[in-house]
Amino acid sequence: MLLTPKIARRLAKTLLPTEVMDWAGSLEISDNGHGFDPFGLHPSFAALGLGLCWKLHHDYFRVLSYGVENIPTESGAIIAANHSGTIPTDAMMLWADVLIQTRRIPRPIADHFVPSLPWLGVLFARSGMVGGSRGNAKALLSVDELLMIFPEGVGGIGKNSKLAYQLQKWHLGHTELAIRHSVPIVPTAIIGPEEQMPQIGQINSIGKLFGLPYMPIPLTPLPLPVRYHIHYGEPIPVHLKYKPEDADNPDVVREAAEDVRRSVELLIKNGLSTRKNIFE
Amino acid sequence: MTKKLKKSELKRVMVTGATTPIGERLCRSLLADDRVGHVLAIGPDSGAEEMPFSHDDRLTYRQFDLSRNRHVRQMLFGIAKDLKIEVIMHISMHRSMTAKGSRVHALNVDSLRSMIDLSGRHPTIKRLVLKSDVAVYQVQRDLPVLITESHPLNMGGGAPQWVRDRVEADVLACTHMGLSPLEITVLRTAEVLAPGTGSQLLDFLASPVCFRPLGYDPMLNLLSLNDAVRALEMACFAKQSTTIVNIPGADTLPLSSCIERWGRVSVPLPGFALAPLYKARQRLRGTEFSYGANRRRFHYASVPDGSRAAEQFGYLPEHPIHWPTPLS
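How each quantity is defined
- Residues numbered from 1 in each chain as written.
- Chains lettered and ligands numbered in written order.
- Predicted model: local features only at pLDDT ≥ 70, side-chain atom pairs only at ≥ 80, totals over all residues.
- Helix = DSSP H or I, 4+ residues; strand = E, 2+ residues; numbered from the N terminus.
- Rg over C-alpha atoms; globule rule 2.2 N^0.38 Å.
- Buried ≥ 20, exposed ≤ 12 C-beta atoms within 10 Å, placed from the backbone.
- Contact = placed C-beta atoms within 7 Å.
- Nonpolar A, V, L, I, M, F, W, Y, C, P; charged D, E, K, R; others polar.
- Pairing = 2+ DSSP bridges.
- Axes fitted to C-alpha atoms, helices over the stretch in contact; angles between N-to-C directions.
- Right-handed = clockwise from strand over helix to strand, strands pointing away.
- Core = buried A, V, L, I, M, F, W, Y, C linked by C-beta atoms within 7 Å.
- Parallel < 35°, antiparallel > 145°, perpendicular 65-115°, else oblique.
- Left-handed = near helix turned anticlockwise from the far one by under 90°.
- Arc of directions from axis to C-beta.

Visitor: Quick rundown of the overall build of chain B? Include the residues and the values.
Guide: A count of helical and extended segments in chain B gives 10 helices and 14 strands. Relative to the globule expectation of 20 Å for 328 residues, the C-alpha radius of gyration of chain B, 20 Å, shows essentially globular dimensions. The principal-axis extent of the C-alpha atoms belonging to chain B is close to 60 × 45 × 40 Å. The buried share of chain B, taken over its 328 residues, is 48%. Across chain B, contacts joining residues at least 24 apart in sequence account for 79% of those joining residues at least 6 apart.

Right under this line is the structure:
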């Protein structure tokens, strides 16, 4: 069966409470005449995406968020968060949380393999995800969209439990984009996913067969119902501190990225110190 | 009120491929423009001595076979010189995906090479506008969805001649920018969804049932005939002349919506089954659609970015395609 915008809207209606559907059913996008934006985002599919995340967000992971006032409500910005959990439920919960808190559809920047995944790639694109290329990010920032980037990439989500809450290689692309397009970065820490699905190993050859960067061997078949705590830090005004042309200076970009990394690290540290246990 | 131009200030334009739907519309549009003094229409047909519309003797039609270098020379230093042609609107390219061989290459690429070389020392020709195609761009999962003019070109050796020739012609024009005294404008237009334009998608949509890759539904951008002609005319008069611009259409939609809006039934099938299926269709029914040539854009989104055209020509798509089925 073909999942049309009409069907997506109907499904969203069954999955979301009426008061949420009231606003989720009328989300604004830059429509190119057929209800879609150039990247494939459609408001009905975004509502369906939220519907699919709703139970997970509210009942399963019981997401608590802090510092939502730090997310810009209108202008462009980049949310830079830590990435973990073996499967990308942290990205889904962050996407849903930003949407619920701000009623803006955040645009997650995904690794190249994600858009090529059958069905999932389409559903994610309809909900706002775009492939991780400079051109895509530039186009979105030029129209003041809210980008969601995980600077650790696959290295973060694929790490084993021994490395929990230790930030992996922190890529610089997000900082370069923020400086070049004069937008702030909102450092964000997601506490909880590290413990949801401990990995005991990886079979990379099988992963590659399906176009995935790795195939995890998790200890549990499903993620544990840990509680997610999402901490949005104060925006880092790289757009005020640096000029757009500084994006071409590798030292400046590295220094700014290090600021973001340190902020996320601090948010993780503070978040962990206030958490009672993984389920609360 | 616009100032009436003197006869000597009026543009004299030559249109190659004038008997194609785009060429014919362009000739009509140029003749309706009071900035145009004369239109020289070039086509392969001898029977089209008279273009089927009124023109007050501001139109001359001539038959030339552009795949022959001698004909190109005769055309430029004969009738084009006599009529003091200033601008060449080059839209003549073989439209059939199945056409192959050296004659096709000669029309698609060699004719352009001759035109650029000869126009460089021509007494009256100042500008050449090439109608290229967004099919020259590479489409793959790790490249941006929104295609700017600096996007990588499809240089794959495995691409069909239809694509390779268009890439070669485009690159040929671009490499002469600034080197030739000629002002060269390359318009990379989105696919024109209209009969007689060589549209692959139109041929794909001709079947009552359209098979598409299972699990994928990429975004496409389509151009109407009216917008294609508007863009060409704007390029003819643009102040900024030596440039490359994308010409997007007003319709950006997923492949499934495109099939639905065309009133067809969409049936997703595994990708590996589509190539032999469409090859068999091509052989049995003599159709043009090649799944191999469209495989990537049937998987990954590719939408031309028209910001440069808007900035340099003031072009914005205005005419959406007339879809047979209304938006549900």
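Visitor: Tell me about the overall build of chain A, and please be specific about residues and values.
Guide: Along its length, chain A carries 11 helices and 9 strands. Against the compact-globule benchmark of 19 Å for 280 residues, chain A has a radius of gyration of 18 Å, which places it among compact chains. Summarising its shape, the C-alpha atoms of chain A cover approximately 50 × 45 × 40 Å along the three principal directions. Each of the 280 residues in chain A was classed as buried or not, and the buried ones make up 48%. Sequence separation of at least 24 residues holds for 75% of the intrachain contacts in chain A that already meet a minimum separation of 6.

Visitor: Go over the interface of chain B and chain A with me, naming the residues and quoting the values.
Guide: At the junction of the two partners, chain B supplies 27 residues and chain A supplies 21 residues. Elements with a contribution of two residues or more to the side of chain B that touches chain A: β12 (251–254) and α7 (255–261) of chain B. Of all the elements, β12 of chain B adds the most residues to the side of chain B that touches chain A, at 4 residues. Counted by class, the side of chain B that touches chain A contains 15 nonpolar, 7 polar and 5 charged residues.

Visitor: Quick rundown of the sheet that holds strand β5 (residues 146–149) of chain A? Include the residues and the values.
Guide: All names here are of chain A. Taken in spatial order, the 7 strands line up as β1-β9-β6-β2-β5-β3-β4 in an open sheet, and their pairing is mixed. Edge positions in the sheet fall to β1 (64–66) and β4 (130–131), since each of these pairs with one other strand and no more. Pairing of strand β6 (residues 185–191) with strand β9 (residues 229–232), which is carried by 4 bridges, proceeds in the antiparallel orientation. Across the sheet, the residue bridging to Ile-190 is Ile-230, located in β9. Sheet strands touched by helix α8 (residues 173–180): β2 (77–81), β5 and β6. Its angle to β2, the strand with the most contacts, is close to 165°.

Visitor: I'd love a proper account of the pairing of strand β2 (residues 36–43) of chain B, names of residues and values included.
Guide: Residue and element names in this part refer to chain B. Summarising burial for β2: 7 of the 8 residues are buried, a large majority. Taken together, the 6 bridges between strand β1 (residues 11–16) and β2 define a ladder with parallel strand orientation. Paired with Lys-11 across the strands is Val-36, a residue of β2. Crossover handedness for the path β1 to helix α1 (residues 21–31) to β2: right-handed. The pairing of β2 with strand β3 (residues 59–63) spans 5 bridges and is parallel. Note on β3: the bridge partner recorded for Val-39 is Leu-59.

Visitor: Any details on the nonpolar core? Residues and values, ideally.
Guide: Judged by nonpolar contacts, the single largest core of 168 residues is most densely connected at Val-15 and Met-89 of chain B. Element by element, the count of residues in this core is highest for helix α4 (residues 89–102) of chain A, at 8 residues.

Visitor: Which residues make up the packing of α1 of chain B against helix α6 (residues 225–237) of chain B, and what values do they have?
Guide: Residue and element names in this part refer to chain B. Between α1 and α6, whose axes approach to 9 Å, the crossing angle comes to 55°. Classified by the interaxial angle, the pair formed by α1 and α6 is oblique. In the packing of α1 onto α6, the handedness of the crossing is right-handed. Along the contact surface, α1 presents Pro-21, Ile-22, Arg-25, Leu-26, Ser-29 and Leu-30, while α6 presents Leu-225, Ala-228, Val-229, Leu-232 and Glu-233. Across the contact of α1 with α6, the residue classes break down as 8 nonpolar, 1 polar and 2 charged.

Visitor: Explain the sheet that holds strand β5 (residues 127–133) of chain B to me, and be specific about the residues and the numbers.
Guide: Residues and elements named next belong to chain B. Across the sheet, 7 strands lie side by side as β3-β2-β1-β4-β5-β7-β11; this open sheet has parallel pairing. Each edge of the open sheet is held by one strand with a lone partner, namely β3 and β11 (243–247). The sheet shows a mean angle of 20° between the axes of neighbouring strands, taken without regard to direction. Along the sheet face, helix α4 (residues 161–175) touches β5, β7 (183–189) and β11 and points at about 150° away from the line of β5.

Visitor: Lay out the environment of Ile-79 of chain B in plain terms, naming residues and giving numbers.
Guide: All names here are of chain B. Mapped onto the secondary structure, Ile-79 falls in helix α2 (residues 69–82). Exposure remark for Ile-79: the 16 C-beta atoms within 10 Å place this residue in the partly exposed category. Between the C-alpha atom of Ile-79 and that of Leu-40, which follows or precedes it by 39 residues, the distance is 8.4 Å. Filtering out sequence-adjacent residues up to four positions away, Ile-79 remains in contact with Leu-40, Thr-60 and Arg-62.

Visitor: Tell me what's going on with the packing of helix α1 (residues 5–15) of chain A against helix α3 (residues 43–60) of chain A, and back it up with residues and numbers.
Guide: All names here are of chain A. For the pair α1 and α3, the least separation of the axes is 8 Å and the interaxial angle reads 30°. Here α1 is positioned roughly parallel relative to α3, judged by the angle of their axes. At the point where α1 passes α3, the crossing takes the left-handed sense. The segment α1 lies against α3, with Pro-5, Ala-8, Arg-9, Leu-11, Ala-12 and Leu-15 engaging Ser-44, Phe-45, Ala-47, Leu-48, Gly-51, Leu-52 and Trp-54. Considered class by class, the residues forming the contact of α1 with α3 number 10 nonpolar, 2 polar and 1 charged.

Visitor: Now, about α1 of chain A: what can you tell me, with residues and values included?
Guide: Residue and element names in this part refer to chain A. Of all the residues in α1, the buried ones are Pro-5, Ala-8 and Ala-12. In an axial view of α1, the angular spread of the buried residues amounts to 55°, which keeps them on one side of the axis. The exposed residues of α1 that point more than 90 degrees off its buried face are Lys-6 and Thr-14. The secondary structure elements touched by the buried residues of α1 are α2 (18–24) and α3.

Visitor: Account for the pairing of β5 of chain A, with residues named and values stated.
Guide: Residues and elements named next belong to chain A. Of the two faces of β5, the one carrying Leu-146 and Met-148 and the one carrying Leu-147 and Ile-149 are both buried. With 2 bridges joining them, strand β3 (residues 107–110) and β5 adopt parallel strand pairing. Counterpart to Pro-108 in the pairing with β5 is Met-148.

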